[in-house]
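A closer look at the structure
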Amino acid sequence: MPDDLIDCLRRANEDPMTRTDMASTSCPSHHAPVNSALLAAEEARLGFDLPESLRRLYRDVGNGGFGPGYGLYGLKGGHADEGRTLVETYEMFVSDSSWPRELVPIVDWGCATWSCIDRSSAAAMIVNATSPTIAETDQPLDNWLRAWLDGAPLEEDMFEPSTQSATSRNPFTGAPMILLSRGLLRGRRRPWSPELSSSERTMSDELDVNATLRLLPGDPSGWPDLIHAMPSADAARVVRALRDAWIDNHLAPSVWASVTGRKLDRTLVDREIGAVFAALDRRGIAPVPQWLERGASSETDVRRWCGITEWLLMSQDEDLLLMSDEWMVPLLEEASADCTKRTYALGIVAHHTRDSAHHALWDGAPSLVTTLGRFGDWLPAARQARAPELVAYLERLAGYARPTRVTEADARRRVLDLRRCASRDEIDPDLVRRGDEWVARFDRGNAIASDLRIHAGSGKMRGREHEKKRR
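The written sequence of each chain sets the order in which its residues are numbered from 1. Two thresholds apply to this predicted model, a pLDDT of at least 70 for residue-level local features and 80 or more for giving and counting side-chain atom pairs, whereas whole-chain, interface and lining totals are computed over all residues. The side-chain numbers reported here are obtained from all heavy atoms of the structure, hydrogens and water having been left aside.

**Description of the pattern of salt bridges**
A carboxyl oxygen of Asp or Glu within 4 Å of a side-chain nitrogen of Lys or Arg is what we treat as a salt bridge. A full pass over the atoms with the stated rule returns 25 salt bridges. With its nearest N and O atoms 2.7 Å apart, the salt bridge here joins R396 to D417. Of this pair, R396 sits in helix α18 (residues 388-399) while D417 sits in helix α19 (residues 408-418), and the two are 21 residues apart along the sequence. A salt bridge links E437 to R462; its shortest N-O distance comes to 3.3 Å. Taken as a pair, E437 in strand β11 (residues 437-441) and R462 in strand β13 (residues 461-469) lie far apart in primary sequence, 25 residues in all. Buried means the residue's accessible area, taken with a 1.4 Å probe over protein chains only, is under 20% of the maximum for its type, while exposed means over 50%, and partly exposed covers the values in between. Its relative accessible area of 16% is what places E437 among the buried residues. On the accessibility criterion, R462 (38% relative accessible area) is partly exposed. Sharing partners across several salt bridges, the network here consists of E43, E52, R55 and R59. The secondary structure listing takes helices from DSSP runs of H or I that are at least 4 residues long and strands from runs of E that are at least 2 residues long, numbered from the N terminus.

**Let's talk about the packing of α18 against α19**
Inter-axis angles, ranging from 0 to 180 degrees, are taken between N-to-C directions of lines fitted to C-alpha atoms, where helices are fitted over the stretch in contact. Two elements in contact, α18 and α19, have axes whose closest approach is 11 Å; the angle formed by their N-to-C orientations is 115°. The orientation of α18 relative to α19 falls into the category roughly perpendicular. Here α18 runs over α19; the crossing is left-handed. Residues Y393, R396 and L397 of α18 lie in contact with α19, whose contacting residues are R413, D417 and L418. Working definition: roughly parallel below 35 degrees, roughly antiparallel above 145 degrees, roughly perpendicular at 65 to 115 degrees, and oblique for all remaining angles. Here is the rule for handedness: rotate from the far helix to the near one, and if that takes an anticlockwise turn smaller than a right angle the crossing is left-handed, while a clockwise turn gives right-handed. In what follows, a contact means two residues having at least one pair of non-hydrogen atoms within 4.5 Å.

**Overview of the packing of aromatic side chains**
Here a pair means two rings of Phe, Tyr or Trp (six-membered ring of Trp) with centres within 6.5 Å. Their orientation is stacked below 30 degrees between planes, edge-to-face above 60, and tilted elsewhere. Scanning all chains against the criterion turns up 5 aromatic pairs. Ring plane angle 85° and centroid distance 5.0 Å describe the contact between F93 and W114, whose orientation is recorded as edge-to-face. Here F93 is found in helix α5 (residues 86-94), whereas its partner W114 is found in strand β2 (residues 113-118), with 21 residues between them in sequence. Members of the aromatic cluster, connected to one another through ring pairs, are F93, W99 and W114. Two limits define a charge over a ring: the Lys NZ or Arg CZ must be within 6 Å of the ring centre, and within 35 degrees of the ring normal. Between R433 and the ring centre of W438, over which it is positioned, the NZ or CZ distance is 5.0 Å.

**A few points about the pairing of strand β10 (residues 431-434)**
By the bridge criterion, 4 bridges tie β10 to β11 in an arrangement that is antiparallel. Bridge pairing in β11 links R434 to E437. A pair of strands is treated as paired once DSSP finds two or more bridges between them. Here β10 hands over to β11 after 2 residues, with G435 in that stretch at a positive phi of 65°.

**Digging into the nonpolar core**
The definition of a nonpolar core used throughout is a set of buried Ala, Val, Leu, Ile, Met, Phe, Trp, Tyr and Cys residues joined through side-chain atoms within 4.5 Å. In this structure, L331, L332 and M461 are the most contacted members of the largest nonpolar core, which totals 69 residues. Among the elements that make up this core, the one with the highest residue count is helix α10 (residues 232-247) (7 residues). Filtering out sequence-adjacent residues up to four positions away, L332 remains in contact with L346, V349, W378, A381, A382, A385 and L390.

**Quick word on α10**
Look at α10: 22 Å from first C-alpha to last across 16 residues, which is about the 22 Å you get at 1.5 Å a residue. Regarding α10, the residues found buried are A235, V238, V239, R240, A241, L242, R243, D244, A245, W246 and I247. Of the residues flanking the end of α10, it is N249, one or two places downstream, whose phi is positive at about 65°. Here the expected span of a helix is defined as 1.5 Å times the quantity of residues minus one.

Spelled out as structure tokens, the structure:
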């Protein structure tokens, strides 16, 4: 990879607002380059060497979180998109037997679309993928990144034009909107056929819930040992059947009592089954089966989702479906019980809290005070979840609802806490005093420049937009 390209990528990576295409909304953190030992260890996990051009990005620019889309996947300790590093993402993809082993996903564009490198090609050619299609391009990694730096619309260029559209309403604002469908991927297309979901499989070689439970009598804590002793094909069938029964809510407390002899409520049954799957995962017994997509329609579904690794509410941005006040305490309670998605659940709570506080600034002072005040209701569950950083953040936000004098240091802390994305803590607020108010530049969304204004005597806050588009 040419030195001048490396230098340009370093400069882009240093500025949070140029780091990725989504920098104004996803705010990726800066990750320092990796050393040779870490790189070698990650390649050992993969079972092959990465192309030299990709290796140089990790060694000389940073550990992911920069570049097109939501940024390059990082290695261990680096940028993790939806909680997964490059190695973990590759492992997830190759768990599907139809995924070509030579393709390594390096960038997530959202909406179930990825850009990959073909590790079998010396130039690390870019290959794009969105189910059910893979499309080979004529761009090596070097040229692709240079085009990104030059401002090329890489995501738009991935697809052929489409004239199909539909009208709908924004689920968050209720405003009317037009949905434009994407065309086919550009390039040399070939099929990618992910394994079928449970609803699409025939049941000829599957176990029903009763047959599964007959194979797993007694104390559930012993089930991992029983499954481990089975032939691998049988173990996979049992794990899949148990998982499907759990997701489909067929393991009711009455069924659980008949199998285990213990009468538990729904939540405790879910947690006990979750402990079984966590044990299977720790031992490497449970296969990583195809994902199941199904939305959550109740608190019981949300709690059960926390414990089932393979359950997706939808294939992309599923966390948006859980960013509602009603799910915050259940997510925290499941995190306190060490559910398998503990880190993810805590991240959803933190993200929803920050977004709610930020958006309330533009709803007027009464709405802001109400929003900040209700964060105190989540504190007991956050403390029980042993999440000290989240607890401290909730305590500060709840405190901002109370009248108080605000010093310059206090105002800087408020700006950092109320910015839409946490990683902008890297940027020291440009804060000035104007009369009775502290005023800081405050970017709202992707395009609207604005100020955050804090009354020095009372602590009352408001957002003020400017009719000026960001260039």
